[in-house]
Amino acid sequence: MQLHLYNTLTRSNQPFTPLKQNVVRMYSCGPTVYNYAHIGNMRAFLFPDLLQRVLRVVCGYEVEWVMNITDIEDKIIHDSALGSPAWKPEMGGQTNNPNENAAKLALFYEREFLNDISTIGIRREHFHAIPRATDFIAEITDLVSRIVENGFGYESDGSVYFNLNEWRKSEKYGQLCTIDTENFRAGVRIDADEYERDQVSDFVLWKAHKEGEPSWDFELNGKNLRGRPGWHIECSAMGHATLGLPFDIHTGGVDLRFPHHEDEIAQSKAGYGVETSAFWCHNEFLEVEGTKMSKSKGNFFTLRELLERGLDALDIRFAMMSAQYNSVFNFTFFGLESTAKARQRIQDYIYDLKETALDSSSSKSVNVAEFRAAVFAEFLNNLHTPKALERVFAFINSNPANTLDSNSQTQLLAFFGELNDIFDVWNFGARPEKHLEIPSEVSDYAEKRWQAKKDRNFALADEMRLKITELGFTILDSKDSYTIEKL
């Protein structure tokens, strides 16, 4: 079965085939570890998790998935500076060494991030590598040197910049989104790691050392340019080192199309002479209650904040995966309640199948292979999970587990096992026993009723039963005892 994905590079749905045999090499832009990841970040990480699972489960490919850790960047440096109010005691003591301080802050949030993605169902064993930028300084400086040697970079005041004017003489700049380059002026430079779309300028590859900032030595043309990498160059070097270029798929949020991903394309080709990736796939933004998430609006949430509210991480995972990745996802608390019920509906069906598969007396048979193919066809259509789940719910509503023969039930259990290999939100163990919370008032009435029966005071026993019923419970008597159940 052929997977079709929307390729931002061509602005079209395209059939996907790996560049090298049966192995898919996929690179995802990971977090900048300066704070806790928010739920918008989580969507950007759950999308490639969904994609790599579909590639494995539905398409049968091997997947080498790399997601980087940006552990040196403007915000990390700012928050790790001596005396910063963002510093936490759990990070350890600060020193006079900026490299050590930045590393401590980044490592603290890296650990928190890895815990968060594990909580939300992203499995560490599915990664080929999770490289840190600071472990690839040699590869980064090598790429900067290559870009300069090839005539597309230049040094100014100790920093090295990408010569966009020279690049645009032979190559297109603006492949992933429309960029207004008419007002571009050669030689105008920008040092910030992140900037707006209208700032089409020579961008920094290597930043000159500033007092109080982390820095590394870098020899270029016989000159030591002590400093640190710019943000964009990091992914180009790490992708090349861990997967080789070009790789099959590059993922990230739509906000990274420009400048980050556009600059990756230019840097990689200018330095290595090859394209970065055959496919560029971007997930859309997440909104909260229909508006952009922001701290000023009070609708900014980290995963841990939602869990502290009592929400289930797997419901959050299922909610985000249930929406198509390249449509805006509106996170609402009401919607999450509906998602939790939908997840439980499938969970109950799995329990029903397991409990009746061995002793079903029904003769009704269903074509599970046809059902499976129809569901998987929706995954192959640009990961259209809403339509895939629509088919699942239509099927289980029309085919209660206890109406099917044992062969159909067994095949369906195998199918739902595959479905869970994609979503990873269901349990295939025994159905847990329900724990009934019984109010003390109901228990008291039940004891009085039982004693009244022993005393043959049937009028009082009936009165107690009526009170129990009014409170929403009922009594089931046995020979020597009774049980209380919810009506």
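Residues numbered from 1 in each chain as written. Predicted model: local features only at pLDDT ≥ 70, side-chain atom pairs only at ≥ 80, totals over all residues. Heavy atoms only, no water.

Participant: Please explain the environment of I438 as it appears in this structure.
Facilitator: For I438, the location among the structural elements is in the loop between α13 (406-423) and α14 (440-454). With 47 residues separating them in the primary sequence, I438 and E485 have C-alpha atoms 8.6 Å apart. Here I438 is in contact with S443 and I484, once residues within four sequence places are set aside. (Helix = DSSP H or I, 4+ residues; strand = E, 2+ residues; numbered from the N terminus. Contact = heavy atoms within 4.5 Å.)

Participant: Got a minute to help me understand the sheet that holds strand β4 (residues 62-67) in this structure?
Facilitator: Consider a sheet: its strands pair through backbone hydrogen bonds, and that pairing is either parallel or antiparallel. With parallel pairing, the five strands of this open sheet are ordered in space as β5-β4-β3-β13-β14. Looking along the sheet, the strands with just one partner apiece sit at the ends: β5 (127-129) and β14 (277-283). Strand-to-strand twist in this sheet, taken as the mean axis angle between neighbours without regard to direction, amounts to 30°. Here β4 runs beside β5; their pairing, made up of two bridges, is parallel. Each residue of the ladder has a partner; that of W65, found in β5, is F127. Most of the contacts of helix α6 (residues 231-242) go to strand β3 (residues 23-28), to which it runs at about 160°, and overall it touches β3, β4, β5 and β13 (247-253). (Pairing = 2+ DSSP bridges. Axes fitted to C-alpha atoms, helices over the stretch in contact; angles between N-to-C directions.)

Participant: I'm lost on the sheet that holds strand β16 (residues 291-292) in this one. Help?
Facilitator: On the basis of which strands lie adjacent, the open sheet formed by three strands has the order β16-β15-β17 and mixed pairing. Every interior strand has two partners, whereas the edge strands, β16 and β17 (329-331), have only one. Here strand β15 (residues 286-288) runs beside β16; their pairing, made up of two bridges, is antiparallel. Paired with E287 across the bridge in β16 is K292.

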